Amino acid sequence: QILNERVTKELEQFQIRNSKLQQETEQHSVTNEQLTQENQQKQLELKSREDEISQMRQEISKLSKVRESIQRKYRQMEEQKNEVEQQRETLKNQITGLERELESSKKQAELEKKAADELTRERDKLNKDLLKADSATQKQLNLVKLHEQSKKNLEEEIINYKEEAQKQRKIIYQLEKERDRYINEASELTQKVLQHMEDIKVREMQIFDYKKKIAEAETKLKQQQNLYEAVRSDRNLYSKNLIEAQDEITEMKRKLKIMNHQVDQLKEEISSKESALVKVHLDHQRMEKEKEALKAELQKMKQQSLEAKQFIENQEAEERKLLKIIADADAERLRQKKELDQVIGERDMLGTQLVRRNDELALLYEKIKIQQSILNKGESQYKQRVEDIRLLKLEIKKLRREKGILSKTVANVEDLRREVTHAER
């Protein structure tokens, strides 16, 4: 009974352990499935990331090509830059002249300000003198009570002081008028200075626009020239191929002549051997075979000559196409030249319209700010993309590491299954 109870207890413990192990196996199977699903997702993400990386590489290669073309354009632009710099120096000279005028006007304004300050100081002094005079009159009135005898003299002095005060007031009024006039003149001068500054800014903006237009026209011209060069190189290549084909045709003709000559010789030999046909029947059969082989070869040569003629015709058609393309390219180049002349004419016309562009200055400044902000945003986005690429690379490495770990854990699953089956037994 004791043994039975022990065995039942052990059985219950084993059953509990078995249930636990079954639960653990179920959990392991669930986790394993989750891990396999995650692994598949990670593999899909890896593939997508790898595709993105390949696209990025393609974009980088494209960008490198674009950079090379831009460098070429940059070299061309530097040559144009020298010419534009000469124009800019002339404009700088004009600007320096305007700045000198500005400085002189500023100096005049400062002198006028100093004069106005001196006049205000004098007015303050006169006001102080007036106050002193008033205080003196009050003292005199007090003294009148004490000194009745000197009353008349003091009254006369008071009258004189009043007259002087009126004079001083008139002088102050005149000085205030002059000060107002000087202030108005100074404000007018400052407005003129601001107008000059605005004109300078407008001219600088127009120079920038002209530079941009010239650069665009030059890029178009360079593109057309590149296309023309490519077409010309293709034409040269095709003409080379045509010359080679013509040489081959002449060689074929020469071979055909030789073969014809050989055929004639063989015909002569056949005619000579036909007289001795009875005697040399075996030789006749051999010669017949040779004749058939030569005929086949002749047919082959004729076929080759026909193919060569067809090739020549194709080459001629290709040459005509190329000539047409070259003519179109020349016409396009002439059109581009006309457009360039028109652009130059527009530039000259715009030079006359510089005065009318003062109203558009504010809008241009706003556009420049917007463009600058867009450029800054683009730069920040480019940096962000570079950072994203770096992060993606790190994530790919991490995923690969996780994949290795998962593959190891998947290898351990078999051992766990064995243990489960062992436990169940």
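Residues numbered from 1 in each chain as written. Predicted model: local features only at pLDDT ≥ 70, side-chain atom pairs only at ≥ 80, totals over all residues. Heavy atoms only, no water.

Participant: Explain the overall build of the protein chain to me, and be specific about the residues and the numbers.
Facilitator: Along the protein chain, the regular secondary structure elements total 4 helices and 0 strands. In the protein chain, the succession of helices and strands from N to C terminus is α-α-α-α. The C-alpha atoms of the protein chain give 53 Å as radius of gyration, which overshoots the globular expectation for 425 residues (22 Å, by more than 25%). With respect to the three principal axes, the spread of C-alpha positions in the protein chain is 190 × 120 × 25 Å. Put simply, the protein chain has 425 residues, and 15% of those count as buried. Here the protein chain has roughly 34800 Å² of accessible surface; of this, 52% comes from carbon and sulfur atoms. (Helix = DSSP H or I, 4+ residues; strand = E, 2+ residues; numbered from the N terminus. Rg over C-alpha atoms; globule rule 2.2 N^0.38 Å. Buried < 20%, exposed > 50% of the residue type's maximum accessible area, 1.4 Å probe, protein only. Areas by Shrake-Rupley, 256 points an atom, 1.4 Å probe, with all protein chains shown as cover.)

Participant: Provide a residue-level description of the pattern of salt bridges, including the pertinent values.
Facilitator: Within the structure shown, the criterion is met by 7 salt bridges. Between E50 and R400 there is a salt bridge; the shortest N-O distance is 3.6 Å. Residue E50 is found in helix α1 (residues 2-146), and its partner R400 is found in helix α4 (residues 361-424); the two are separated by 350 residues along the sequence. For E332, the salt bridge goes to R335, with nearest N and O atoms at 2.1 Å. Here the residue E332 and the residue R335 both occupy positions in helix α3 (residues 281-352), the gap between them amounting to 3 residues, near one helical turn. Judged by its relative accessible area of 25%, E332 falls in the partly exposed class. Residue R335 is classed as partly exposed on the basis of its relative accessible area, which comes to 38%. (Salt bridge = Lys/Arg side-chain N within 4 Å of Asp/Glu carboxyl O.)

Participant: Tell me about a positive patch on the surface, and please be specific about residues and values.
Facilitator: On the surface, R57, K393, K397, K398 and R401 cluster together into a patch of positive charge. Sorting elements by how many residues they give to the positive patch places α4 first, with 4 residues. By the secondary structure assignment, K397 is in helix α4. Its relative accessible area of 51% is what places K397 among the exposed residues. (Patch = residues over 30% accessible without salt bridge, like charges linked within 9 Å, V, L, I, M, F, W, Y side chains within 5 Å. Lys, Arg positive; Asp, Glu negative; His and termini not counted. Charge placed at Lys NZ, Arg CZ, Asp CG, Glu CD.)

Participant: Break down the nonpolar core for me, citing the residues and quoting the values.
Facilitator: Counting 5 residues, the largest nonpolar core is built from M259, L266, M287, L294 and M301. Of all the elements in the fold, those that place two or more residues in this core are α2 (151-275) and α3. With 3 residues, α3 is the largest single contributor of residues to this core. Every residue in contact with L266, bar those within four places of it in the chain, is listed here: M287 and L294. (Core = buried A, V, L, I, M, F, W, Y, C linked by side-chain atoms within 4.5 Å. Contact = heavy atoms within 4.5 Å.)

In short, shape yes, function no, at least from these values alone.
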